[in-house]
Amino acid sequence: MPAARVEYIAPWWVVWLHSVPHLGLRLQPVDSTFRPRDESYQESLLLLGLVAAVGLGLNLVLLAAYLVCACCCRQDDAVQIKRPRSCCVTWTAVVAALLCCAAVGAGFYGNSEANDGVYQLLYALDNANHTFSGIDVLVSGTTQKMQVDLEQHLARLGEIFAARGDYLQTLKFLHQTAGSIIVQMAGVPAWTEVTEELTDLANQTSYVEYYRWLAYLLLFILDLVLCLLACLGLAKRSRCLLASMLSCGVLALLLSWTSLAADAAVAVGTSDFCAAPDTFILNVTEGRVRPEVTRYYLYCSQSASSPFQQALTVFQRSLTAMQIQVAGLLQFAAPRFPTAEKDLLGIQLLLNSSESSLHQLTALLDCRGLHKDYLDALGGICYDGLEGLLYLSLFSLLAALAFSIMTCLGPGAWKHCARRDRDYDDIDDDDPFNPQARRIAAHNPPRGQLRSFCSYSSGLGSQGSLHPTQTISNAPVSEYMNQAALFGGNPRYENVPLIGRGSPPPTETSETQVRSLGGEDPLEKEMATHSNILAWRTPRTEEPGGL
């Protein structure tokens, strides 16, 4: 038959965390045995939290030094290259966002694992409480039956069998046997105090775990929102979003280091318990429960005998002897004393119910049930719970690193947003495709459109007469000029006459060469004449002091 006990083996992270040096506030060595009520042990765990606080201080000092250097040691804007600088800020922000997402992912997994471990502990405590309560109920019920109910039946039968000495001797034997059962039941420990303590522990653990889980969930949401604000601030070049992200990022940095301090202290303390849980339970139950009973449930070895084996054996034998005596009285005394039959049947029913209680009590007192609950509680604390705390510590470190990087990006991102309005300075204001020019044209009413110096009538093949004194034609704007007016809102460079614009002569195309070979177009000839007349009549301005 295989052994009932499943050996508990501490995982490697328990051994690693238990090997962390335990020092007091004066840096003196402290025993690493789990003693939560000892002041020196509490100081050693508090020192771990102070180490995290020192890390927070160094982090803030380094961030402050970097920000001061970044703000005071600015390079000349003319020397800076805009595109590589912006690209560096963007990619660094992407790396920080990925770190933040990885931290939140590890945090969600760790929070879930820690919550599962705690609820596994609570489930094991509830099962243990149910077992202890059942033992107390069965023991108290059996004692009540033997002391009160059986005594009442025996008293009435004593009055009925007063004339028969042999029947009275049987009743006396029943009374003595019931007394021995009461004595054996008194040897079973009362678990009322233990049950109350376990109930209080379960309630406090459930209360703390609920708010711990909720606090971490809110912290995860805060980190994700800040990461989103950083991305939106860089994408939209919004100083408001960046300022909000930086101010809340410092708060998230403080919360990350605080959670790291709490997780580190709780993880080391839990590992100290998981390294030797049997020793701690033996020390706690000392003086309340007999040591052999505690060891019986902690180790549950098949070779070890149950401390309740003798009491249960005596209980079983006493019940068997009492049932034999009652059956004899029913067979021989009931026909002679009919009034005694009711009490004899009552005693027989009481003994049968006591035998049923004996079987239930034997099952509850067996070590396998409580030992399984004990192993389940250890698995919840030392495996799932402690593993979750390690992942939460990883989350705190990654989140602190991510928000430190985001804070360092503050000056660069701020200058990146400050160049938003200066990005258009390098674009020609006369460019009709300039977005800034289109915005200006949308707010300013369009001016009168300038017509070109030449026009054509709408009729096909007809030509208008020349008016040398009129330099602006009333003809409609050409298709390309309409497109310029559509994009820019105000035709500027395209509507200036070629004479004033000084554009180079158009290059001859193959079509022009073919047309020149075939003959002169009368329309082009007239346009050339018109241009010569305008050039002759337009006064030419000379430079001062010119010839």
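Residues numbered from 1 in each chain as written. Predicted model: local features only at pLDDT ≥ 70, side-chain atom pairs only at ≥ 80, totals over all residues. Heavy atoms only, no water.

### Structural notes on the overall build of the chain
Link 1 in the chain: Across its full length, the chain holds 17 helices and zero strands.
Link 2 in the chain: Classification of the 547 residues of the chain by burial places 36% in the buried group.
Link 3 in the chain: Put simply, of all contacts in the chain between residues at least 6 apart along the chain, 81% involve residues at least 24 apart.
Link 4 in the chain: Total accessible area on the chain stands at roughly 32500 Å², and carbon and sulfur atoms take up 62% of it. (Helix = DSSP H or I, 4+ residues; strand = E, 2+ residues; numbered from the N terminus. Buried < 20%, exposed > 50% of the residue type's maximum accessible area, 1.4 Å probe, protein only. Contact = heavy atoms within 4.5 Å. Areas by Shrake-Rupley, 256 points an atom, 1.4 Å probe, with all protein chains shown as cover.)

### Examining the state of the cysteines
Link 1 in the chain: Inspection of every chain in the model, using the stated rule, returns two disulfides.
Link 2 in the chain: Here Cys300 pairs with Cys367 through a disulfide, and the sulfurs are 2.1 Å apart. The sign of the 60 degrees torsion about the S-S bond sets the Cys300-Cys367 disulfide as right-handed. One end of the pair, Cys300, is in the loop between helix H8 (291-299) and helix H9 (309-332); the other, Cys367, is in helix H11 (residues 367-408), and 67 residues separate them in sequence. The residues Cys300 and Cys367 share a single accessibility class, namely buried.
Link 3 in the chain: In the chain, numbering the disulfide-bonded cysteines from first to last in sequence yields the connectivity 1-4, 2-3. (Disulfide = S-S within 2.5 Å.)

### Quick look at helix H4 (residues 165-186)
Link 1 in the chain: Here H4 spans 32 Å end to end across 22 residues, near enough to the 32 Å set by a 1.5 Å rise per residue.
Link 2 in the chain: Among all positions in H4, only Tyr167, Thr170, Leu171, Leu174, Thr177, Ala178, Ile181 and Met185 are buried. The arc enclosing the buried residues of H4, seen along the axis, measures out at 120 degrees, which places them on a common side. In H4, the exposed residues that point more than 90 degrees away from the buried face are Gln169, Val183 and Ala186. (Expected span 1.5 Å × (residues − 1). Arc of directions from axis to C-beta.)

### A few points about unusual backbone geometry
Link 1 in the chain: Positive phi values are uncommon outside glycine, yet Leu27 reaches one of about 65 degrees.
Link 2 in the chain: Inspection of the secondary structure assignment puts Leu27 in the loop between helix H1 (12-18) and helix H2 (39-72).
Link 3 in the chain: One non-glycine residue, Cys300, lies in the positive phi region at around 50 degrees.

### Topic: the environment of Cys248
Link 1 in the chain: Turning to its location among the elements, Cys248 is positioned in helix H6 (residues 239-275).
Link 2 in the chain: As a C-alpha pair, Cys248 and Val225 span 23 residues in sequence and 9.9 Å in three-dimensional space.

### What to know about the side chain of Ser259
Link 1 in the chain: Among the structural elements, Ser259 can be located in helix H6.
Link 2 in the chain: Other than its neighbours up to four places away in sequence, Ser259 contacts Tyr216, Leu219 and Ser396.

### Focus: the pattern of salt bridges
Link 1 in the chain: Tallying each qualifying case throughout the model produces eight salt bridges.
Link 2 in the chain: Of the charged contacts in the structure, one is a salt bridge between Arg212 and Glu209, with a shortest N-O distance of 2.8 Å. Linking Arg212 with Glu209, this pair stays in helix H5 (residues 192-236), spanning three residues, or about one helical turn. The pair formed by Arg212 and Glu209 is uniform in burial state, with each residue classed as buried. (Salt bridge = Lys/Arg side-chain N within 4 Å of Asp/Glu carboxyl O.)

### Observations concerning the UniProt feature "transmembrane region" (unreviewed entry) in the chain
Link 1 in the chain: UniProt's feature table lists "transmembrane region" (unreviewed entry) at residues 45-68, 88-109, 213-234, 241-262 and 389-414, given in the numbering used throughout.
Link 2 in the chain: In this annotation, residues 45-68 is assigned 100% helix and 0% strand; the end-to-end C-alpha distance for the span is 35 Å. (UniProt positions renumbered as here; feature names shortened; annotations may be inferred.)

### Examining the packing of H9 against helix H10 (residues 341-365)
Link 1 in the chain: The N-to-C vectors of H9 and H10 enclose an angle of 160 degrees; their axes lie 10 Å apart at closest approach. Put simply, H9 runs roughly antiparallel to H10. Along this stretch, H9 crosses H10, giving a crossing that reads as left-handed.
Link 2 in the chain: Of the residues contributing to the contact of H9 with H10, the split by class is 14 nonpolar, seven polar and two charged. (Axes fitted to C-alpha atoms, helices over the stretch in contact; angles between N-to-C directions. Parallel < 35°, antiparallel > 145°, perpendicular 65-115°, else oblique. Left-handed = near helix turned anticlockwise from the far one by under 90°. Nonpolar A, V, L, I, M, F, W, Y, C, P; charged D, E, K, R; others polar.)

### Some details on H11
For an α-helix, 3.6 residues make a turn, and residues three or four places apart therefore share a direction.
Link 1 in the chain: For H11, spanning 42 residues, the distance from its first C-alpha to its last is 60 Å, which sits close to the expected 62 Å at 1.5 Å a residue.
Link 2 in the chain: At Gly385, H11 shows its maximal kink, close to 30 degrees. (Bend = angle between axes of the 7 residues up to and from the residue.)

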